[in-house]
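Structure at a glance
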Amino acid sequence: MMQKLISVEGLAVRFFTRKGTVRAVDGVSFDVDDGGIVGLVGESGCGKSATALSIMGLLGPAGETTSGSVRFKGEDLLRLSPKEMRQIRGKEISMVFQEPMSALNPVRSVGEQVAEPLKIHLGLSGGEARLRAIEMLEEVGIPDAASRYDQYPHQFSGGMGQRAMIAMALICEPELLIADEPTTALDVTIQAQIISLLHSLRERLHMAVLLITHDFGVVAELCDVVNVMYAGVIVEWGNVVDVFDDPLHPYTRGLLRSMPRAKRRQRKLEVIGGAVPSLIELPQGCRFHPRCEYVTKRCFSEEPPIFQLNDDRLVRCWLFEGRMKL
Amino acid sequence: MNDLPLLRVRNLRKGFLSKSGIFKRRRITVYAVDGIDLDIYKGKTYALVGESGCGKSTLARLIMRLVEPTDGSISYRGKNLLSVSAKEMSAIRKSMQIIFQNPYASLDPRMSVREALAEPLKAHGLWNEDEESEKELLHLLGLVGLDEEALDRYPHQFSGGQRQRICIARALALRPEFLICDEPLSALDLSIQAQILNLLMELQERFGFTYLFITHDLSVVRHIADRVFVMLLGKIVEAGGAEEIFDSPHHPYTHLLLSAVPVLDPRARGRSCLLPVGEIPSPLEIPPGCRFQTRCPFVKDLCKVEEPLLDGNVHAVACHFPLNQKRRTASKRNE
C-alpha cells in the first residue's frame, strides 16, 4: 500500500458574486499517493481549478474555502497561517499554470525567476542558485541553458516557456506538483514533449503530481488514478485503465462515448444533451439528472451518495445503490 | 473529380510587414501564407490542419477576402474573386460564409438574436418587415435546434454551445453553399463539442454544404474530413484523402503531428511517439531548404539546401525523402 501524501476531505469552496453564491467546490475528497499521478478531470466550471487553488491557499479575495481539510504530512494546510503556507508553497508543493507566458514576469530574466525559489527557501547565494537553475533548465530539456538563463520570457516559445515554468516549480524538489492544464495552451507536438517530460521527471525526482485537465487524452497518457468532476463534486473515482475501459457514471460514459476516436470513423457521435448547470442554481437531487439518460424519479429529489464497488472504484450515482455506501 | 472545382486557389501569398532591430529600421516581410494551391469540390469536407502560427487562419480570411492577398488568385465557380466587381462580389459573398472560433466574441452583445439573424438578410436586401421574413428567422433557429423564445434574448443569456448555434444560424441565413469553420469547437465545453459537430454534419447531409474546417484537433479531422491539407509555416506540405493521410502519412511532419495526438486508451500509453528534436524556426527567419529541417528526425544534406515542392496528384507531399511503410515502422523501432 502506497503512502498517502496529501489527503483532501470534504473540501468546499464558495465564490461570492453579485449574482449570488457560486458553489464551485461542494464537498470534494480525494488522496494523492506518494509518487503517484492523480488526475482531476472535468469541463470548465466543474471546480477543478478552484480545488487546486484552495489547496495552495491562492483563492484570492472573492473565494473562500468554507469547509473541509487538506492533510499534508500530518498538518491541515487550511489551518496554516499565510506565513507558514508561504514556506510550503514552492518548496514542498508547487504549481504550474496553463499559460506560461502570463505566469512568467516579463521584465525579469527567465533564469532569475527559475532560481528565485532557491534563494527564498534554501538561502542559496546568487552564484549557487544560478548554477543549480541552469542544471534544472537542462533537465527539463532547454537547449543551451547557460545562455538561455539571461533571456527574457518574450524570447521563449510557448513550449520552452512551459519547460521553464516546470523547472521553476521543481527546483526545490517538491513532493507534490500541481499542474493546472499544463499543456492546454500548447500545440500537440509540444504537448507530447511535456507529457514525456513529466513522466521522466516523476521517475527521477520521485514526486507526486495532481494533474488538472479537461482533456481525457492527457489523462490517458499520464495518470495512474483519475477523479472525474461534475458541477463541483467528484462523480467517479478509479484506476485510469478501469475508468477508460468501463466508465460507471453516466456522465463519464457519455463523455467518453462522445469523443471522436482517431482510429474509428463514424457518421454520428453520441452526445450528452443539455449543458452544464449554473453553479449558482444547482438542480435539485443529482446534479447530472437533467442530462442523464438513465434518470429515475429518485434522482430528481435526492442527491446520490458515493457508492463503493470495490477497493478502487467509487461512483456517485443511484444506479449503483445496494453497493456499499461510503 | 473531373468537373470544375467550387473554389480554386493558386499561388496565394500574404505578406505582413514586420519591423525588427532596436530602432525598428529593419523591415522584413513575413509570409504567413506563402504560395498555396487548393482545389475544393462541391459537397465535400476539407480539413486544414497545422500548429498555431502556420497561417491556416490567415488562409481562411484570404479566401473570404477579409484580408487582401499580396499575390495569387482565388476563383469561385470560375470567377476570379480578386477582379470581380463589387456587385458580383456581393452576390458571391452570399454563398460563402465563415463560422469563427469564439462565439463569445463573434456576436454583438447589444444585438438581440432577432437582430443578429436579420442583419445579413437586411444587408443583402432580402428583408421585408413581414410575416414571411419572421418565419424565415424561426426556420433558421429550427435548423440549429433553438426555439422561438430565443429570438428576443441577448447573447449573454446563452451558453457557449447555444451561442455557437446562433452563429451557425446566422451563417445559414443567406443560404450559402460553402462554409469555412475556423476552429468551431475549441472554445466549447467538452460535452457540447459533439452536439455542434453532429449539427454541422446533419446540415451538410441536408443541404449538401461544402466545408473547409480549420482545426488543430486531429481526432475531429479523422471523424469528418474527406480530404486533408497539412500546413507548415505558410505552405502545404501534404495533401490527400483523410484515410490515406491518417493511415500512411508521407511527410515526416504529418507523421509527427499524428503520433503526438494522445490516445484515449491508457493501455496504449508508452507506444512509440515520435518526438520532435529541435524547435520550430521563427517565421521571420525561415531557413533555406525544407521548412521542417530543424525538427525532422530524417533530415539529410539535401533538405538544408533545396526546398522540396509539393509533388503528386491525389496524395501530394513536399518532401525529398517521403516516408513509406518500411521507414515508418523502422522509426518506431528506434524509439
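Keep in mind the model is a prediction, meaning the values are calculated, not measured.

On a plain count of helices and strands, chain A comes out with twelve helices and 13 strands. Computed over the C-alpha atoms, the radius of gyration of chain A is 21 Å, within 12% of the 20 Å expected from 2.2 N^0.38 for a compact globule of 326 residues. Dimensions of chain A along its principal axes, counting C-alpha atoms only, are 65 × 50 × 45 Å. For chain A, the proportion of contacts with a sequence separation of at least 24, taken over those separated by at least 6, is 62%.

Attention now moves to helix α7 (residues 158-170) of chain A. All names here are of chain A. The terminal C-alpha atoms of α7 lie 18 Å apart, and with 13 residues this matches the ideal 18 Å at 1.5 Å per residue to within 8%. When you tally the buried positions in α7, you get twelve out of 13 residues, the bulk of the element. Residues of α7 that are buried: Gly159, Met160, Gly161, Gln162, Arg163, Ala164, Met165, Ile166, Ala167, Met168, Ala169 and Leu170. Those residues of α7 that are buried are in contact with β6 (93-96), α3 (100-103), α4 (110-122), α5 (126-139), β7 (176-180) and α8 (188-205).

Turning to the environment of Gly68(A), a few remarks are in order. Residues and elements named next belong to chain A. Turning to its location among the elements, Gly68 is positioned in strand β4 (residues 63-72). Among the residues examined, Gly68 registers 19 C-beta atoms within 10 Å and is labelled partly exposed. For Gly68, the residues in contact, after removing those within four places along its chain, are Val8, Glu9, Gly10, Leu11 and Ala12.

On to the sheet that holds strand β5 (residues 75-76) of chain A. Residue and element names in this part refer to chain A. The strand order β2-β1-β4-β5 describes an open sheet built from four strands, whose pairing is antiparallel. Each edge of the open sheet carries a strand with a single partner, namely β2 (20-33) and β5. With eleven bridges connecting them, strand β1 (residues 4-17) and β2 associate as antiparallel partners. Within the sheet, the bridge partner assigned to Ala12 lies in β2 and is Asp26.

Another point: the sheet that holds strand β10 (residues 235-241) of chain B. Either a parallel or an antiparallel arrangement is found when strands of a sheet pair, and the pairing is made through backbone hydrogen bonds. Residues and elements named next belong to chain B. A sheet is described by the order of its strands in space; here seven strands give the open sequence β6-β7-β8-β3-β9-β10-β11, paired in mixed fashion. Only two strands of the sheet have a single partner each, and these edge strands are β6 (96-99) and β11 (316-317). Bridge count between β10 and β11: two bridges; the pairing is antiparallel. Looking across to β11, one finds that Ala239 is bridged to Ala316. Packing of helix α1 (residues 56-63) onto the sheet brings it into contact with β3 (45-49), β6, β7 (178-182), β8 (210-215) and β9 (227-232), and relative to β7 it is tilted by some 150°.

Turning our eyes to something else, we now look at the environment of His216(B). With respect to the helices, strands and loops of the structure, His216(B) is situated in the loop between β8 and α7 (218-224). It is 28 Å that separates the C-alpha atoms of His216(B) and Ile28(B), two residues lying 188 residues apart in sequence.

This part covers the interface of chain A and chain B. Listed per partner, the contact involves 34 residues of chain A and 34 residues of chain B. Mapped onto the side of chain A that touches chain B, the elements with two or more residues apiece are α8, α9 (216-222), α10 (240-245) and α11 (250-258) of chain A. Top contributing element to the side of chain A that touches chain B by residue count: α8(A), with six residues. Grouping the constituent residues of the side of chain A that touches chain B by class yields 17 nonpolar, ten polar and seven charged.

Take the pairing of strand β10 (residues 233-239) of chain A next. Across the seven residues that make up β10(A), a large majority, six, are buried. In this antiparallel pair of consecutive strands, strand β9 (residues 225-230) of chain A and β10(A), the connection spans two residues, and Ala231(A) shows a positive phi of 45°.

So, on to the nonpolar core. Residue and element names in this part refer to chain A. In terms of nonpolar packing, the biggest core is built from 190 residues, with Val114, Ala133, Leu137, Ala164, Ala167, Leu176 and Leu210 touching the most fellow members. Looking at which element gives the most residues to this core, the answer is α7, with eight residues. With residues near it in sequence (within four places) discarded, Ala167 still touches Val114, Met136, Leu137 and Val140.

Right, let's get into the packing of α7(A) against α8(A). All names here are of chain A. With their axes 10 Å apart at the nearest point, α7 and α8 run at an angle of 20° to one another. Classified by the angle between their axes, α7 and α8 sit roughly parallel to one another. Handedness of the crossing formed by α7 with α8: right-handed. Listed contacts from α8 to Gly158, Gly159, Gln162, Ile166 and Leu170 of α7 are Ile190, Gln193, Ile194, Leu197, Leu201 and Leu205. Across the contact of α7 with α8, the residue classes break down as seven nonpolar, four polar and no charged.

Definitions and cut-offs
Residues numbered from 1 in each chain as written. Chains lettered and ligands numbered in written order. Predicted model: local features only at pLDDT ≥ 70, side-chain atom pairs only at ≥ 80, totals over all residues. Helix = DSSP H or I, 4+ residues; strand = E, 2+ residues; numbered from the N terminus. Rg over C-alpha atoms; globule rule 2.2 N^0.38 Å. Contact = placed C-beta atoms within 7 Å. Expected span 1.5 Å × (residues − 1). Buried ≥ 20, exposed ≤ 12 C-beta atoms within 10 Å, placed from the backbone. Pairing = 2+ DSSP bridges. Axes fitted to C-alpha atoms, helices over the stretch in contact; angles between N-to-C directions. Nonpolar A, V, L, I, M, F, W, Y, C, P; charged D, E, K, R; others polar. Core = buried A, V, L, I, M, F, W, Y, C linked by C-beta atoms within 7 Å. Parallel < 35°, antiparallel > 145°, perpendicular 65-115°, else oblique. Left-handed = near helix turned anticlockwise from the far one by under 90°.

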